[in-house]
Amino acid sequence: MLKPLIYRLGSNPKLSLKRFFRGLALFVLAVIFITLGYYTHFSLQIIGVAILIPALFFAAWGYSGIFANRFSQVLKDMGLKNHDPDLWK
């Protein structure tokens, strides 16, 4: 049940990295707007918070895809091992 989701999320690591960087860039833009709003007009802070919501979404989506790709490689490698209970071979 969880394996297909992990494999589907991690199927395209380049796209996941691109999503993560887009979210990171939007996050930086949101922080700039929030900081400018602190020193100038408060409406810039509202714009910054509005940008922050999709920024966090894209960064989390991209990072979960990157993590799923790495974790699917671990799952694939664990399945190939021989689970022989004899420890004294």
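Here the structure is a predicted model, which is why all the values come from computation and not from measurement.

Undergrad: For this particular structure, what's the right way to read the overall build of the protein chain?
TA: Of the regular secondary structure elements, the protein chain holds three helices and zero strands. Each helix and strand of the protein chain, placed in order from N terminus to C terminus, yields the pattern α-α-α. The burial tally for the protein chain puts 19% of its 89 residues in the buried class. Nonlocal contacts in the protein chain, meaning residues at least 24 apart in sequence, comprise 68% of its contacts between residues at least 6 apart. By element, 72% of the accessible surface of the protein chain is carried by carbon and sulfur atoms, the whole surface being about 7,200 Å².

Undergrad: Help me out: how do you make sense of helix α2 (residues 13-39) in this one?
TA: Residues spaced three or four apart along an α-helix face the same direction, because each turn holds 3.6 residues. Relative to the 39 Å expected for 27 residues at 1.5 Å per residue, α2 spans 39 Å between its end C-alpha atoms, a close match to the ideal helical length. Where α2 is concerned, the buried positions are S16, R19, G23, A30 and G37.

Undergrad: Please clarify how the UniProt feature "transmembrane region" (unreviewed entry) in the protein chain should be interpreted in this entry.
TA: Using the residue numbers shown here, the UniProt feature "transmembrane region" (unreviewed entry) corresponds to residues 20-40 and 46-68. Between the end C-alpha atoms of residues 20-40 there is a gap of 30 Å, over a span that is 95% helix and 0% strand.

Undergrad: For this particular structure, what's the right way to read the side chain of S72?
TA: Secondary-structure assignment places S72 in helix α3 (residues 43-80). Overall, the relative accessible area of 9% leaves S72 in the buried class. Every residue in contact with S72, bar those within four places of it in the chain, is listed here: I6 and Y7.

Criteria and thresholds
Residues numbered from 1 in each chain as written. Predicted model: local features only at pLDDT ≥ 70, side-chain atom pairs only at ≥ 80, totals over all residues. Heavy atoms only, no water. Helix = DSSP H or I, 4+ residues; strand = E, 2+ residues; numbered from the N terminus. Buried < 20%, exposed > 50% of the residue type's maximum accessible area, 1.4 Å probe, protein only. Contact = heavy atoms within 4.5 Å. Areas by Shrake-Rupley, 256 points an atom, 1.4 Å probe, with all protein chains shown as cover. Expected span 1.5 Å × (residues − 1). UniProt positions renumbered as here; feature names shortened; annotations may be inferred.

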